[in-house]
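A structural walkthrough
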Amino acid sequence: MPPNELSIDEISAGVRQKKFSATEVVMSSLERIDALDERIGAFLTVMRDESLADAKRVDDRIARGEHIGSLAGVPVAVKDNTMTRGVRTTAASKILEHYVASYDATAVKRLRDEGAIIVGKTNLDEFGMGASTENSAYQKTKNPWNLERVPGGSSGGSAAAVAARMVPAALGSDTGGSIRQPAALCGVVGLKPTYGRVSRYGLIAMTSSLDQIGPLATSVRDAAALFLAVAGKDRQDTTSADEPLFPLSSIEGSIAGKTIGIPKEFFVDGMDERIRKSVYDALDVFKKLSCKVREVSVPHTKYALPAYYITVTSEVSANMARYDGVRYGLSIEGQSLDEMYRQTREAGFGPEVKRRIILGAFSLSKGHADQYYQQAQRVRDIIGHEYHEVLKEVDCLITPTSPSVAFTLGEKFSDPLTMYLCDIFTVPANIANLPAISVPCGQIDELPVGLQVIGRPFEEQTILQMAQAYEQATSWHLLKPEM
Ligand code: GLN
């Protein structure tokens, strides 16, 4: 079997037992990228030389009998808003076109410490702002299931690279759905950990109070393996949490007796009936696995999206201030300092980033901050409280991940409000600080559908167990785009 068909466990065991070398695995990943990425456009940078040198180092260490970790020789793609030392890291923005990261993000460092090989940097919506990856300043990524469709976003490059089996797994980041929605649209697994679970050190900030790094993979187990490698307290990020983790093997086993809550606010009139049916069919699977299913209500859910976009635009306007042409990336000279700022930012930022900076500057301005930013934070508290209360009664919540399957390129591009609505089912977990996973649960018109499982804070183990049991009982995750 070619290494691009193997699971993470199989690759890592095969490399350690010298059935094949890390170099062979990485070469096969690079060959597949060469063969497919011209059509898909998942990668902004392919780290050919670096990845082969890293693979050789892993092979040399194995030859010397040294211990290599759980990801020995596993090729991983990393979203291009995450720092990779010595490699261009652009956040898909012109303002960082020539920026070379001077250090590895903690998540990247932890992957390397486990023996993983970073093979490239994937495309995204500029700085993570979008739901289709069309807001990249460089290229449009295509959905491997249908090249006329978007892969979702903002981690669309990571999702497409995994779906096309160019890499077994990738890192993405999720502020309001950017791991789970592209995972759903590309038919792969995506996990957004609890805020604080994975260090944000080296993640280019979009919305600091919500951003979270997490894995995309072709199976729940592989997503869990990547998650466990990157999770945990990091002294470089004071918001990272020191909560106990769990062994990978603990995601296997029975889920009998678990109670699933179905929040009625997620099943509104007007949603795609075929998506509703896919989710209800999935609930039947859980019932066969002896789970209890009950309807619950989280009435303030309807305020999650407005609270999210006020929070995001406000924090974006603050976080983007550092791109001033003085320290990082692009710099365009002017007659005065002000003119230099203006010209640099005018040329460096795309339209969606500018829109959010302007909206955010307004929500944070004197006289309006209390009405907007502060109000949004109060709404966040209320929503968080409501979800935490409901999750005392049930072990997890199940919802669709996305209100639609992959849409056509260009379809929502010129209508930001419609694009914002893509996040309607994913944003609540971010706003309420809850972990959530998307797993494939069906197909509509030969396009994948995603099921979302939301859990209690820091109980990634429970949602991984639920997703794993579901995956074992079904075969949706085995479907692959023909490439
Ligand atoms: N689509 C959402 C937005 O544009 C989510 C982005 C994300 O999670 N990074 O804000």
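Residues numbered from 1 in each chain as written. Predicted model: local features only at pLDDT ≥ 70, side-chain atom pairs only at ≥ 80, totals over all residues. Heavy atoms only, no water.

The name an unreviewed UniProt entry gives the protein chain is Glutamyl-tRNA(Gln) amidotransferase subunit A. According to the UniProt record, the Subunit (unreviewed entry) comment for the protein chain reads "Heterotrimer of A, B and C subunits." We quote the UniProt Catalytic activity (unreviewed entry) comment for the protein chain here in full: "L-glutamyl-tRNA(Gln) + L-glutamine + ATP + H2O = L-glutaminyl-tRNA(Gln) + L-glutamate + ADP + phosphate + H(+)". (UniProt positions renumbered as here; feature names shortened; annotations may be inferred.)

A word on unusual backbone geometry. With an omega of 10°, the peptide bond between G153 and S154 qualifies as cis. By secondary structure assignment, the location of S154 is in the loop between β3 (117-122) and α5 (156-163). Phi at K18 takes a positive value of approximately 60°, unusual for a residue other than glycine. With a relative accessible area of 56%, K18 lands in the exposed category. Of note in the backbone geometry, F127 takes a positive phi value of approximately 60° without being a glycine. The residue F127 is located in the loop between β3 and α5 in this model. (Helix = DSSP H or I, 4+ residues; strand = E, 2+ residues; numbered from the N terminus. Buried < 20%, exposed > 50% of the residue type's maximum accessible area, 1.4 Å probe, protein only.)

Neighbouring the ligand are 15 residues; T175, G176, S178, Y308 and R356 lie closest to it. In this structure, G128 approaches the ligand through a main-chain N or O atom, which is 2.9 Å from a nitrogen atom. The contact in question runs from an oxygen atom of the ligand to an N or O atom on the side chain of R356, over 2.7 Å. Taking 300 Å² as the accessible area of the ligand by itself, protein coverage stands at 99%. Considering only residue class, the shell around the ligand consists of 5 nonpolar, 7 polar and 3 charged. (Near = heavy atom within 4 Å. Polar contact = N/O pair within 3.5 Å; in protein donor to acceptor, adjacent residues only side chain to side chain. Areas by Shrake-Rupley, 256 points an atom, 1.4 Å probe, with all protein chains shown as cover. Nonpolar A, V, L, I, M, F, W, Y, C, P; charged D, E, K, R; others polar.)

For helix α10 (residues 337-348), which comprises 12 residues, the first-to-last C-alpha distance of 16 Å matches the rise-based estimate of 16 Å (1.5 Å per residue) to within 8%. Listed in full, the buried residues belonging to α10 are M340, T344 and G348. One side of α10 carries all its buried residues, which in axial view fall inside an arc of 40°. In α10, the exposed residues that point more than 90 degrees away from the buried face are R342 and E346. (Expected span 1.5 Å × (residues − 1). Arc of directions from axis to C-beta.)

Side-chain pairs of opposite charge can arise where the charged atoms are in close proximity. Under the defined criterion, the tally for this structure stands at 29 salt bridges. Here D34 and R48 are joined by a salt bridge, their closest N and O atoms 3.1 Å apart. Placement of the pair is D34 in helix α2 (residues 22-40) and R48 in helix α3 (residues 48-63), with a sequence separation of 14 residues. What makes D34 partly exposed here is its relative accessible area of 45%. Note that R274 is salt-bridged to D445, the shortest N-O span being 3.2 Å. Of this pair, R274 sits in helix α8 (residues 273-288) while D445 sits in the loop between β10 (436-444) and β11 (447-454), and the two are 171 residues apart along the sequence. Shared partners join several salt bridges into a network, and the residues in it are D54, R57, D104 and R112. (Salt bridge = Lys/Arg side-chain N within 4 Å of Asp/Glu carboxyl O.)

Here the focus is the pairing of β10. Here β10 lies mainly inside the structure; 8 of its 9 residues are buried. Bridge analysis of strand β5 (residues 189-192) against β10 gives 3 bridges, and the strand direction is antiparallel. Note on β10: the bridge partner recorded for K192 is A436. Strand direction decides the pairing type here: β10 and β11, joined by 8 bridges, are antiparallel. Among the inter-strand pairings, I444 is bridged to a residue of β11, identified as L447. Between β10 and β11, which pair antiparallel one after the other, the connecting turn spans 2 residues, and D445 there sits at a positive phi close to 50°. (Pairing = 2+ DSSP bridges.)

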